[in-house]
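Residue-level listing of the chains:
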Amino acid sequence: MPDGYAIVHPDEVEDSYAGTDVPGEFRRLTSPLACEQLAATLIRIPAHSDFEQGTGHYHDEVEELYLIVRGTLTMRFGDDVAKVGPGSAVRVAPRTARSHRNEGDEPVEMWAISRQIDHGDATKIDDFWAASPDARQHA
């Protein structure tokens, strides 16, 4: 890799959810890009899929920025639910419970960007919201 920059195609990066029951793709690009300060993940969610399978999560100290580049997500932040479409940017503060699912007919492509930390700080929330009749929970 040349000094000062890196170019990586997301489809050449391992899909952490390949071979699992989770509908969609989760491709962490932080290491392949040799990021020193940022964390970047490409998340793809097929039409009518609940990517987090009814669960949610929050981060103790990481602020996240979600960039929706294709499709529309139904996103939950605490008790609030919003439809978020392509071209939208969503900032989520640390300690804010969140989840998302694709109840629409078009696949969703979303980037999750945050600062890089050297330890995990995510906490999973089981049964965060009721199953959606418009989004299957398993691949």
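Residues numbered from 1 in each chain as written. Predicted model: local features only at pLDDT ≥ 70, side-chain atom pairs only at ≥ 80, totals over all residues. Heavy atoms only, no water.

S.K.: What should I look at first to understand the overall build of the chain in this one?
M.R.: Scanning the chain for helices and strands turns up zero helices and 10 strands. For the chain, the succession of helices and strands along the chain, N to C, is β-β-β-β-β-β-β-β-β-β. Its C-alpha radius of gyration of 15 Å places the chain within 12% of the 14 Å reference for a compact globule of 139 residues. Its C-alpha atoms give the chain principal-axis dimensions of about 50 × 30 × 30 Å. Across the 139 residues in the chain, those meeting the buried criterion constitute 43%. Restricting to contacts in the chain with at least 6 residues of sequence separation, those with at least 24 account for 71%. On the chain, roughly 7700 Å² of surface is accessible, and the fraction owed to carbon and sulfur atoms is 49%. Both charge centroids of the chain, one from 13 positive and one from 25 negative side chains, sit 3 Å from each other. (Helix = DSSP H or I, 4+ residues; strand = E, 2+ residues; numbered from the N terminus. Rg over C-alpha atoms; globule rule 2.2 N^0.38 Å. Buried < 20%, exposed > 50% of the residue type's maximum accessible area, 1.4 Å probe, protein only. Contact = heavy atoms within 4.5 Å. Areas by Shrake-Rupley, 256 points an atom, 1.4 Å probe, with all protein chains shown as cover. Lys, Arg positive; Asp, Glu negative; His and termini not counted. Charge placed at Lys NZ, Arg CZ, Asp CG, Glu CD.)

S.K.: Can you walk me through the sheet that holds strand β4 (residues 64-70) in this structure?
M.R.: What links the strands of a sheet is backbone hydrogen bonding, and the strands pair in either a parallel or an antiparallel sense. The five strands lie next to each other as β1-β2-β9-β4-β7, forming an open sheet whose pairing is antiparallel. Every other strand in the sheet has two partners, leaving β1 (25-28) and β7 (88-92) as the edge strands with one partner each. The mean angle between the axes of side-by-side strands here comes to 20 degrees, regardless of whether they run parallel or antiparallel. Pairing of β1 with strand β2 (residues 38-45) involves four bridges; the strand directions are antiparallel. Bridge pairing links phenylalanine 26 to isoleucine 43 in β2. (Pairing = 2+ DSSP bridges. Axes fitted to C-alpha atoms, helices over the stretch in contact; angles between N-to-C directions.)

S.K.: Explain the side chain of arginine 27 to me, please; I cannot follow it from the model alone.
M.R.: Along the chain, arginine 27 falls in strand β1. Setting aside residues no more than four positions away along its own chain, arginine 27 makes contact with Pro10, Asp11, Val13, Glu14, Asp15, Ala40, Thr41, Leu42 and Arg44.

S.K.: Even after reading the chapter, I still don't get the pairing of β4, so can you show me in this structure?
M.R.: It is a general feature of regular strands that their side chains alternate between the two faces of the sheet. Here β4 pairs with β7 via five bridges, running antiparallel. Counterpart to leucine 67 in the pairing with β7 is alanine 89.

S.K.: How should the nonpolar core be read in this particular structure?
M.R.: A general trend in soluble globular proteins is that nonpolar side chains are found buried together. Within the largest apolar cluster, 16 residues are counted, with the highest numbers of intra-cluster contacts made by Ile43, Tyr66, Ile68, Leu73, Met75, Val90 and Met110. Among the secondary structure elements, those contributing two or more residues to this core are β2, β4, β5 (73-77), β7 and β9 (108-115). Excluding residues within four positions of it along the chain, methionine 110 makes contact with Thr41, Leu42, Ile43, Tyr66, Leu67, Ile68, Leu73, Met75 and His100. (Core = buried A, V, L, I, M, F, W, Y, C linked by side-chain atoms within 4.5 Å.)

S.K.: Sorry, what's going on with the packing of aromatic side chains here?
M.R.: Ring pairs (aromatic) are described by centroid distance and by the angle formed between their planes. Taken as a whole, this structure holds two aromatic pairs when the rule is applied. When the ring of tyrosine 17 is compared with that of phenylalanine 26, the centres are 5.3 Å apart and the planes differ by 35 degrees; the resulting orientation is tilted. The partly exposed category is assigned to tyrosine 17, whose relative accessible area is 27%. The ring centre of phenylalanine 128 lies 4.0 Å from the NZ or CZ of arginine 76, which sits over that ring. (Phe/Tyr/Trp six-rings, centres within 6.5 Å; stacked < 30°, edge-to-face > 60°. Lys NZ or Arg CZ within 6 Å of the ring centre and 35° of its normal.)

S.K.: Just to check I follow, could you spell out the pairing of strand β6 (residues 80-84) for this structure?
M.R.: Here five bridges tie β5 to β6, and the two strands are oriented antiparallel to one another. Its bridge partner lying in β6, arginine 76 is registered against valine 81. Counting the residues that bridge the hairpin from β5 to β6 gives two residues, and of these glycine 78 lies at a positive phi of roughly 60 degrees.

S.K.: Explanation requested: the environment of tyrosine 17 in the structure shown.
M.R.: Looking at the element boundaries, tyrosine 17 is found in the segment before β1. The spacing of tyrosine 17 and aspartate 134 is 117 residues in sequence and 21 Å in space, taken between C-alpha atoms. Apart from residues no more than four positions distant in its own chain, tyrosine 17 is found in contact with Val22, Gly24, Phe26 and Phe51.

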